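Spelled out from the first residue to the last, the chains are:
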Amino acid sequence: MTSEVFYSIDTTKVVFEKFEDETVLINLENGNYYGIMKVGKDILTLMEQGISKQNLVSAIAASYSQEINKVEDDIQLFLSALLTEGIIQTSEYGSNNITFLDNNEIYEIPVLEKYSDMQDLILLDPIHDVSAKGWPNKNQ
Amino acid sequence: MNTIINLIDYFENSLKLIQLKFEEFSVRHSLTFIADEKQVNLYFSNDILFSKLTPAFGHLESSLCIESKLDVYVLDEKCVPISFLSPPWIYDVSEGINDVWINDDSKLKILHQPAKNTLIMLNLLSNKAIYWVKSGHQIPYYESSAPLRPILHWWMSSMGSQLLHAAAVGLNNTGILLVGKGGSGKSNTAISCLNSNLYYTADDYSLLSFNPYPTAFSLYATGKLLFEDVHRYPFLNDVQSKEADDGLQDEKALFFLYPKLQEKLLKSFLIKAVFIPKVTRSEFPKITPISSSKAYLALAPSTIFQMHGEKERTHDNIVKLLKEVPSFLFELSEEPIKNTDAIFKFLTGK
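Summarised in this report is the structure supplied together with it. All values reported here derive from a predicted model rather than from experimental measurement.

We now examine helix α1 (residues 38-47) of chain A. Burial within α1 of chain A is extensive, with 8 of its 10 residues counted as buried. When we look at burial in α1 of chain A, the residues that qualify are Val-39, Gly-40, Lys-41, Asp-42, Ile-43, Leu-44, Leu-46 and Met-47 of chain A.

Below is the structure:
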């Protein structure tokens, strides 16, 4: 029997803010940053407490008055992109409550807008954040 | 394993050694400046370091003594060789790239860039800092435009101020921040204000404080322009400037605006708005509201990744700023005077 997988934003390496029209995120490890609007923004909101894919699909389908099979593939692709970019993480823990979002907007495929123009700065000065436990014996 | 406590001992021992050497050499190169009601005392081991790193702060020089203060000792190996400082961690100068170590959790901030031959340390328990370079001659021209940035970023951050990658211009008590990537028109717009009814606070790095309203403070009285743009600003002809070092000819011309243009420098103002400039070929500039999220994307990544450490705090401060002041897209005219007129009208309503 496989345990249920929950998705949540990986706040160990990502800072993010929900503005009215768009959620913005910065991956502090690789310098990429992102803007996510509309359905994608709602998906991130639903993830804040950790949510299973099944509950995520149900919540988005209900919130946008769509059939589950109409949104499932879009959400799977979106989750894969978020995982690839290191924005979200999976765990065995999360909430089983389904939150339905109150909106009157038309469903659109969730889109991750990616910006990579900070890469030069990261390559110029690769920064190693060191924990308080030890400092700074370089990994050999 | 090196512990934080050991490293603070290391810092204090290094500082004692440096202070002894400064006394031995009767070092008299120093400058005190005040920014955002915080005092910074700079002590230099020689005149080369002094001449490279102090002109940017000339407009803030002060003989006042206030409670919040930081002492920074700036030296090169003629004063204390790195072998005497002997960093107690493993590093490799042969990698050919910089290798920066930051610990946001500790009271001791260290930025060691072996390939750049720099060792920068700040002890937030004693408000003392050390800025070591192999030679004053190695300091690149762009360092003179925004000197001691890591130390000032860390210390100002610990004191509640935030260094931003933003230009700042204003009039009387209010003004705007100009944010965006290099090439977006920040510097050119800010420098244009030196020849207008407006005043200049910064072209690249501004200090932000919430007092309690968002307020911009000047830190560096410098300006940078692409060489091909310099001829468009004839009023800079008499201003002290420095060309890029050999091998950096694709970089920018650097201008020290103090003392020649001191009457055009504005030390602080309340932030009325954040502008995102955009270079266009339009005859007239256009200012239109834009969402805070777009301003965040224009300001936060470049600020976060140009500073060393304190990333979460920087994010929080930028979000707070953008939730308190409106943001606008500023489509620039090809004629600088029309752009400064547009800012003037925005600030005065006239």
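Continuing now.
What follows deals with the sheet that holds strand β7 (residues 112-115) of chain A. Residues and elements named next belong to chain A. With antiparallel pairing, 4 strands are arranged side by side in an open sheet as β2-β3-β4-β7. Two strands in the sheet have a free side with no partner beyond their single neighbour: β2 (14-18) and β7. Neighbour-to-neighbour, the strand axes of the sheet open up by a mean angle of 20°, direction not taken into account. Both β2 and strand β3 (residues 22-27) contribute to a ladder of 5 bridges, which runs antiparallel. In the strand pairing of β3, Lys-18 is matched with Thr-23.

Looking now at the packing of α1 of chain A against helix α2 (residues 53-63) of chain A. Residues and elements named next belong to chain A. Orientation of α1 relative to α2, taken along the N-to-C sense of each, is 135°, at an axis distance of 11 Å. In terms of orientation, α1 lies oblique with respect to α2. Of the two elements, α1 crosses α2, and the hand of that crossing is right-handed. Residue-level inspection shows Val-39, Asp-42, Ile-43 and Leu-46 of α1 in contact with α2, the latter providing Leu-56, Ala-59, Ile-60 and Ser-63. Split by residue class, the contact of α1 with α2 holds 6 nonpolar, 1 polar and 1 charged.

Moving on, we come to the environment of Pro-87 of chain B. Residue and element names in this part refer to chain B. Counting through the fold element by element, Pro-87 comes out in the loop between α3 (82-85) and β4 (100-102). For Pro-87 and Leu-171, which are 84 residues apart along the polypeptide, the C-alpha to C-alpha distance reads 47 Å. Those residues in contact with Pro-87 that lie beyond four places of it in its chain are His-112 and Leu-119.

This brings us to the pairing of strand β7 (residues 128-133) of chain B. Residues and elements named next belong to chain B. Most of β7 sits out of view: 5 of its 6 residues are buried. Where strand β3 (residues 69-76) lies against β7, 6 bridges are found, and the strand directions are parallel. Bridge pairing in β7 places Asp-76 opposite Val-133. Two strands pair when backbone bridges link them, and strand β6 (residues 118-123) and β7 are joined in this way by 6 bridges, in the antiparallel orientation. Paired with Met-121 across the two strands is Ile-130, which belongs to β7. In this antiparallel pair of consecutive strands, β6 and β7, the connection spans 4 residues, and Asn-127 shows a positive phi of 55°.

This next bit is on the packing of α2 of chain A against helix α3 (residues 68-84) of chain A. Packed helices, taken two at a time, are described by their axes: the angle between them and the distance between them. All names here are of chain A. The N-to-C vectors of α2 and α3 enclose an angle of 125°; their axes lie 9 Å apart at closest approach. It follows that α2 is oblique to α3 by the angle criterion. Remark: the crossing between α2 and α3 carries right-handed chirality. Where α2 abuts α3, its residues Lys-53, Leu-56, Val-57, Ser-58, Ile-60 and Ala-61 lie against Ile-68, Val-71, Glu-72, Ile-75 and Leu-79. Here the contact of α2 with α3 is built from residues that sort into 8 nonpolar, 1 polar and 2 charged.

Here the focus is the pairing of strand β5 (residues 108-113) of chain B. All names here are of chain B. Inspection of the sheet shows β5 paired to β6 by 6 bridges, in the antiparallel sense. The residue of β6 that forms the bridge with Leu-108 is Asn-123. Counted along the chain from β5 to the antiparallel partner β6, the turn is 4 residues long, and its residue Asn-117 has a positive phi close to 55°.

Take Ser-292 of chain B: it is sitting in helix α7 (residues 292-306). Along the primary structure Ser-292 of chain B and Leu-177 of chain B are separated by 115 residues, whereas in three dimensions their C-alpha atoms are 13 Å apart. Excluding residues within four positions of it along the chain, Ser-292 of chain B makes contact with Phe-19 of chain A together with Leu-322, Lys-323 and Ser-327 of chain B.

Rules behind the numbers
- Residues numbered from 1 in each chain as written.
- Chains lettered and ligands numbered in written order.
- Predicted model: local features only at pLDDT ≥ 70, side-chain atom pairs only at ≥ 80, totals over all residues.
- Buried ≥ 20, exposed ≤ 12 C-beta atoms within 10 Å, placed from the backbone.
- Helix = DSSP H or I, 4+ residues; strand = E, 2+ residues; numbered from the N terminus.
- Pairing = 2+ DSSP bridges.
- Axes fitted to C-alpha atoms, helices over the stretch in contact; angles between N-to-C directions.
- Parallel < 35°, antiparallel > 145°, perpendicular 65-115°, else oblique.
- Left-handed = near helix turned anticlockwise from the far one by under 90°.
- Contact = placed C-beta atoms within 7 Å.
- Nonpolar A, V, L, I, M, F, W, Y, C, P; charged D, E, K, R; others polar.

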